[in-house]
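Chain and residue survey
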4 protein chains.
Amino acid sequence: MNFASDNWAGAAPEIIDAITRANDGPAPAYGGDELTRRVEARFCEIFERDCKVYFVATGGAANGLALSVMTPPYGMIVCHEESHIQMDECAGPEFFTGGAKLLPVAGPAGKLTPQAVTKALKGFPERPPHGAPASVLSLTQATECGAVYSADELKALCDTAHQAGLKVHLDGARFANAVAATGASPAALSCDAGIEVLCVGGTKNGCLAAEAIVFFDPDQAQDFEFRRKRAGHLWSKMRFIAAQFDAYLKDGLWLRLATHANARARELSLGLSTIDGVEVSYPTEINEVFVTFPDGAAEKLKEQGAEFYPWVTPGDPAAGRMNRLITSFRTSAEDVQQFLSCVKGVC
Amino acid sequence: MNFASDNWAGAAPEIIDAITRANDGPAPAYGGDELTRRVEARFCEIFERDCKVYFVATGGAANGLALSVMTPPYGMIVCHEESHIQMDECAGPEFFTGGAKLLPVAGPAGKLTPQAVTKALKGFPERPPHGAPASVLSLTQATECGAVYSADELKALCDTAHQAGLKVHLDGARFANAVAATGASPAALSCDAGIEVLCVGGTKNGCLAAEAIVFFDPDQAQDFEFRRKRAGHLWSKMRFIAAQFDAYLKDGLWLRLATHANARARELSLGLSTIDGVEVSYPTEINEVFVTFPDGAAEKLKEQGAEFYPWVTPGDPAAGRMNRLITSFRTSAEDVQQFLSCVKGVC
Amino acid sequence: MNFASDNWAGAAPEIIDAITRANDGPAPAYGGDELTRRVEARFCEIFERDCKVYFVATGGAANGLALSVMTPPYGMIVCHEESHIQMDECAGPEFFTGGAKLLPVAGPAGKLTPQAVTKALKGFPERPPHGAPASVLSLTQATECGAVYSADELKALCDTAHQAGLKVHLDGARFANAVAATGASPAALSCDAGIEVLCVGGTKNGCLAAEAIVFFDPDQAQDFEFRRKRAGHLWSKMRFIAAQFDAYLKDGLWLRLATHANARARELSLGLSTIDGVEVSYPTEINEVFVTFPDGAAEKLKEQGAEFYPWVTPGDPAAGRMNRLITSFRTSAEDVQQFLSCVKGVC
Amino acid sequence: MNFASDNWAGAAPEIIDAITRANDGPAPAYGGDELTRRVEARFCEIFERDCKVYFVATGGAANGLALSVMTPPYGMIVCHEESHIQMDECAGPEFFTGGAKLLPVAGPAGKLTPQAVTKALKGFPERPPHGAPASVLSLTQATECGAVYSADELKALCDTAHQAGLKVHLDGARFANAVAATGASPAALSCDAGIEVLCVGGTKNGCLAAEAIVFFDPDQAQDFEFRRKRAGHLWSKMRFIAAQFDAYLKDGLWLRLATHANARARELSLGLSTIDGVEVSYPTEINEVFVTFPDGAAEKLKEQGAEFYPWVTPGDPAAGRMNRLITSFRTSAEDVQQFLSCVKGVC
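On a predicted model such as this, the values are computed, not experimentally measured, just so you know. Every chain is numbered independently, its residues counted from 1 as its sequence is written. As a convention, the first chain written is A and the first ligand written is 1, with the rest following in written order. In keeping with the predicted nature of the model, local features appear solely for residues at pLDDT of at least 70, side-chain atom pairs appear and are counted solely at 80 or more, and the whole-chain, interface and lining totals rest on all residues. Based on all heavy atoms of the structure, the side-chain values leave hydrogens and waters out of the count.

**With respect to the packing of helix H1 (residues 13-22) of chain C against helix H10 (residues 239-248) of chain C**
Between two packed helices, both the angle of their axes relative to each other and the distance between the axes serve to describe the pair. Residues and elements named next belong to chain C. Note on definitions: angles span 0 to 180 degrees between N-to-C directions of axes, and those axes are lines fitted to C-alpha atoms, for helices only across the stretch in contact. Here a helix means four or more residues in a row that DSSP labels H or I, a strand means two or more in a row labelled E, and each is numbered from the N terminus. Running from N to C, H1 and H10 point in directions that differ by 135 degrees, and their axes come no closer than 8 Å. Of the possible angle classes, the one that applies to H1 and H10 is oblique. The chirality of how H1 crosses H10 is right-handed. Packed against H1, whose contacting residues are Glu14, Ile15, Ala18, Ile19 and Ala22, the element H10 presents Arg239, Phe240, Ala243, Gln244, Ala247 and Tyr248 at the interface. Class assignment for the residues of the contact of H1 with H10 results in eight nonpolar, one polar and two charged. Oblique is the label for every angle not falling under 35 degrees (roughly parallel), over 145 degrees (roughly antiparallel), or within 65 to 115 degrees (roughly perpendicular). Left-handed describes a crossing whose near helix is turned anticlockwise from the far helix through less than a right angle; right-handed describes the clockwise counterpart. Contact between two residues is taken to exist if any of their heavy atoms lie within 4.5 Å; hydrogens are not considered. Amino acids outside the nonpolar list (Ala, Val, Leu, Ile, Met, Phe, Trp, Tyr, Cys, Pro) and the charged list (Asp, Glu, Lys, Arg) are all regarded as polar, and Gly is one of them.

**Section: the sheet that holds strand E4 (residues 134-140) of chain D**
Residues and elements named next belong to chain D. For two strands to be treated as a pair, DSSP must find no fewer than two bridges joining them. Across the sheet, which stays open at both edges, the seven strands sit in the order E1-E7-E6-E5-E4-E2-E3 with mixed pairing between neighbours. In this open sheet, the two edge strands, each paired with only one partner strand, are strand E1 (52-56) and strand E3 (101-105). Between one strand axis and the next, the sheet turns by 20 degrees as a mean value, whatever way the strands run. For strand E2 (residues 76-80) and E3, the ladder comprises five bridges, and the chain directions are parallel. Among the inter-strand pairings, histidine 80 is bridged to a residue of E3, identified as valine 105. Across the sheet, helix H3 (residues 59-70) touches E1, E2, E4, strand E5 (167-172), strand E6 (197-201) and strand E7 (211-215), and the angle it forms with E5 is around 175 degrees.

**A short note on unusual backbone geometry**
Each neighbour pair has its own omega, and for A:Pro128 with A:Pro129 the value is 0 degrees, a cis peptide bond. Relative to the assigned elements, A:Pro129 resides in the loop between helix H6 (114-122) and strand E4 (134-140). At A:Glu48, a position not held by glycine, the phi torsion is positive, near 60 degrees. Examined against the element boundaries, A:Glu48 turns out to sit in the loop between helix H2 (34-46) and strand E1 (52-56). Although it is not a glycine, D:Ala109 sits at a positive phi angle of roughly 55 degrees.

**Here's the deal with the pattern of salt bridges**
The working definition used for a salt bridge is a side-chain nitrogen of Lys or Arg within 4 Å of a carboxyl oxygen of Asp or Glu. By the definition in use, this model includes 60 salt bridges over all chains. Measuring nitrogen to oxygen at the nearest pair gives 3.0 Å for the salt bridge that ties B:Glu45 to B:Arg42. Separated by three residues within a single helix, B:Glu45 and B:Arg42 lie in helix H2 (residues 34-46), roughly one turn from each other. Between C:Glu288 and C:Arg324 there is a salt bridge, with its nearest N and O atoms 3.5 Å apart. Of this pair, C:Glu288 sits in strand E9 (residues 288-292) while C:Arg324 sits in strand E11 (residues 322-326), and the two are 36 residues apart along the sequence. One network of salt bridges, with partners in common, ties together A:Asp6, A:Arg174, A:Glu288 and A:Arg324.

**Some points on the interface of chain A and chain C**
Contacts between chain A and chain C engage 47 residues on the former and 47 residues on the latter. Here's the idea: put two parts together, see how much 1.4 Å probe accessible area each one loses, and the total over both is what we call buried area. For the pair chain A and chain C, the summed buried area comes to about 3800 Å², and 61% of that belongs to carbon and sulfur atoms. Of all residues in chain A, the largest losses of buried area upon contact with chain C belong to A:Phe95, A:Arg230 and A:Lys237, amounting jointly to 20% of the total for that side. Whenever a nitrogen or oxygen atom comes within 3.5 Å of another N or O atom, the pair is scored as a polar contact, on the condition that within protein one atom can donate a hydrogen and the other can accept it, and that pairs from neighbouring residues in sequence are kept only if both atoms are in side chains. The interface formed by chain A and chain C contains 27 residue pairs in polar contact (both at pLDDT 80 or more). Looking at the side of chain A that touches chain C, the elements with two or more residues in it are helix H1 (13-22), helix H3 (59-70), helix H5 (92-97), helix H9 (224-230) and helix H10 (239-248) of chain A. Per-class residue counts for the side of chain A that touches chain C are 24 nonpolar, 14 polar and nine charged.

**Topic: the confidence of the model for chain A**
You can read pLDDT as the predictor saying how much it trusts each residue, on a scale of 0 to 100. Summary statistics for chain A give a mean pLDDT of 96 and a share of 99% for residues scoring 70 or more. For this predicted complex, the interface confidence reaches an ipTM of 0.97, while the overall pTM sits at 0.97.

**What about the interface of chain D and chain C?**
At the junction of the two partners, chain D supplies 31 residues and chain C supplies 30 residues. In total, about 2400 Å² of surface goes out of reach between chain D and chain C, with carbon and sulfur atoms giving 55% of it. Its largest share of buried area at the contact with chain C, chain D owes to D:Met87, D:Cys90 and D:Lys101, together 22% of the area lost on that side. The salt bridge partner of C:Glu94 is D:Lys101, with a shortest N-O separation of 2.8 Å. Counting across the interface, chain D meets chain C through twelve residue pairs in polar contact (both at pLDDT 80 or more). Contributing elements (two or more residues each) for the side of chain D that touches chain C: helix H4 (84-87), E3 and helix H6 (114-122) of chain D. Among the residues forming the side of chain D that touches chain C, the class breakdown is 18 nonpolar, six polar and seven charged.

**So, the environment of C:Arg228**
Residue and element names in this part refer to chain C. Considering the arrangement of structural elements, one finds arginine 228 in helix H9 (residues 224-230). Burial here depends on accessible area, computed with a 1.4 Å probe over protein chains only, as a share of the maximum for the residue type. Under 20% is buried, over 50% is exposed, and the range in between is partly exposed. For arginine 228, a relative accessible area of 4% gives the class buried. Considering only alpha carbons, one finds arginine 228 and histidine 80, 148 residues apart in sequence, at a separation of 25 Å. The contact partners of arginine 228, leaving out residues within four places of it in the chain, are Tyr54, Phe55, Val56, Leu65, His233, Leu234 and Met238. Here the side chain of arginine 228 touches phenylalanine 55 through a polar contact of 3.0 Å, landing on its backbone oxygen.

Below, the structure written as structure tokens:
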């Protein structure tokens, strides 16, 4: 009954196998190897265009490095107030960018709207050189509250940003879940909508430690190589990240894993929504379920071995009462049913 | 009819005279001179305790350097969403601190309340090492919207901050105006209330370029000297800032200048509030008047030679329609009357 | 005939096996798992004291993060002019520390001496706040030129540093090779000599991506957790670094791998030194051989399939003519003999 | 007998007068005033081309901000090992640039040569992304040891730098002294030789606090405005720096002041060189004399009221025995003669 995080799930067997197979004789270090080249090319296929692709081991590094290329150090990044870059990276974006400002904006289920972005920008107008100039809009797909932007929603947000002179960054820590949930193409949910830079997560969806930064306009990748190196994020044995992505993107593994996790979350959400006193907070679109239990129930569930964390929403008067349940490629239908039985028992 | 900013006013003659007098033979550089020592001691008298005092030339430097000593580079500074450090320093606090995060919080007339601070902190809970740990509460006295915190209000905010483990920084760019407005002692409006570090502005109130950073607990000044130097804010001819403060604090000049400016703003505010179609937005407590004119009136006033700027409030649907009028030690009663006549003429 | 780098060698089978075994059901993320706890404790045994231990994936991250805890952002790090932190991390230490200065110092075979350190400090005297205050002495064990500091040499350097108020950082990217080469205990070559913080490398010696930062005084670890997180170096699936070190430190694997590599380098060095026109530059103490070939020979060797890189020594008039040959756990005696035959053939 | 520093001298009366005169009614803040515009244009005349010019109050700010525009944060600045940016700015360049590396290079009397620069670059070769890429050559005119580069010497250095892909920064804290000493035009000693960015000092030569950053290619000024603002170096009452430069550059005041100081140094140097046991170390080309006294003499001179500081040369075995004597616009011929008498008395 582990719904603590998709990070707890370990790695998919196919990923471990790929790492084992990649350990075959000497290979050039620092990404000069053939496998890395090949997997970079695979990303270009998936996104149906010529991209520049870079690998790192964590999502925080992917976001921070991407943003550091997209904004000057005195620029401003508009983001959701519940976004990972705002809430969960210990001021990492500020560190990587050399001091850029984050402007948190509210919105339902972790989603921003063109209206909210426009209002935020109007409330922080360009007055060079006094205010930090807005340089980047950062979105998360799927959001930290488990919502998915449609291609049209993304496009409208990108249009708003571009008209205001901002580039758009997409934190895709759970991009696979969004693609699996919508059936849209990876390109439709990113570059076709106008996204400039996408961070594609592997780690939360069955990789060991693998994140890709994808620059849809290769010219904008600029000095990424230098920034990755000085931040200690250039692996000498890069083939071992490449190998993970090789397996991940092969024969749709990434979407199979995400589809599995999404399905378990849907079952969980449906089950919970039928239990008296239990309130599911957002539509369950990917592998996350946000739920409020009756007083004392969460404690009892944990005593019975369930693992999950509270979820805090800035500005919510009920902050701290909501819980986040996450499923993964490893979550079984039995895990879900067992948990639902426990919930019924304590509510 | 110049109400653009107290920064447009130049320097008070007493300040210029003091600079001239200080130019008397050689003196040790970098603050090693006697005058600097003496003026530092004068600050201790004014605040009725042993302080560490440092001088710089701009308010942005004072705030940034003060905060850089108060927070670790991965810490979080809670501030008002309209505060100067958030809106007007081009991400300077992020730069000086090496990447600390600013958390903007709303509140009426630029003021924060213990409730708003508590709610903001509850919405960004400590989850080491994931969220940036809240380290500093930054307040402005008087606020950017011309409001003054009472000693009791400050104390309640400091108590809230201290209980949550934060230190409190006070941006006193218009501290003189607040002291003059309330008649409270400088200590009552800062250290006695629990403020740890105060930036005392001189520049907006008749100095040429003079700001003081006052550490009420000398032990907390730590490495300020090194930080000021590496940021290029240690003057070699420091006596010329000290001389400004020497004159400023002598025989109550600072309060006389502020009292004058405050009085002109009050006249202006009273006059404006009696004119049909003109709306004064906040209580006029210091030398700033926030006013909305009927459509087209602002343009006409500017054609007639009036100088003032629009004021933007984040989140305000009327953003951009409000104007800020600032008076200074140089504003005369005639300036005010002339402007009021013009307003009557165009409204 | 691959002598390009120990980074080309891939991972030892025992390391891959450990990763596979660690992938066993859910486990708390971010280092909250039992395996991580256990391996941290193993480091304490190895170094015979209570330590604080942190894991990251690259040597650049280990060095940068360690230094960021040891120096203020305006401090100065004294290091060898050929050190990895100076030459090979793309200004990473400057980035991680928020702008600390590196003072490069010369010395034979990558080694510093107390005399050289004293002279360097005398040439950059404390003049607060004008000069950056020296805060850290950084050494590499074994050095970038393949030399090993004896316990006594390290102790003398630490004494010199401590007397001048500096802490001592040890870059141990090839620490295993140094321990294997000398037979000294890990503690003798680090904490017993006075080192405050040691970065223990695993990656160059058979791990996939595993580096440990060891604080010998737990109190000095201070805010490492926050710094690692904001730099994107906290793995969510930390158990997969812990698993590598678990295998690495078990039954002396780390020393067996290093002993093997060292032995191959010694054979290579001995063989080369007997060939006319070939000059071996430094004593071969670990798994690195520095060699100058007759004109044109390097090119011919590469045509025959040999892999190695030129080595540049700052200030050396022959810069660019010297080559560095590195052996690894994977290098066989046959590889060495084959290469020696080729060298004989072309010289 | 004050030879401590030109920073001790206070300001020239013409400068104070100009500040007083500039305090005339309201004027737009932040450099939007007419005087600032006019003085910027004056710089273009002096350097015989269209420049972008910015004012700040300290030399450390001028250097740091200029360099921050010239180098990426992971770049490398080649400089003299005795340069002010290396020795005297408390790691300011590292701070302003967001972590660029300084590579210190030796050379006689604070001067670099094309040979030394070439050797340094060869010793730190481009190996992207491993080594920090060399981006800027920083020179000082006149040097920290009182030497002046001829136009030809500067040109040769700029050619060397440009061929290697570096831009050239000139720290002109004592640029006036160099121009006065050589009789060359300001352009000949900077832009005509190939310098991209020049920091023109006023403070050491009679200004109160005034430094100008001059971009000879306006396109390269890029984002200077934003960087100056966020670092707290944009004065609100900018006219008071402009006024200083207005007077400074009017009717050759800057060169008269420098010529005076240079002449006193020459008299001092000549006098000292005839005294037994006194050794003058470098040619005296500007207003600085470097001198070694017999044992105990310096102490006796200080007892008699002379003020001067020791000078430390990195790598000099006699480090700490040399003294630096500085003259200023305020030093009289009598001051010099009185000091020479004292020296004769104690030697």
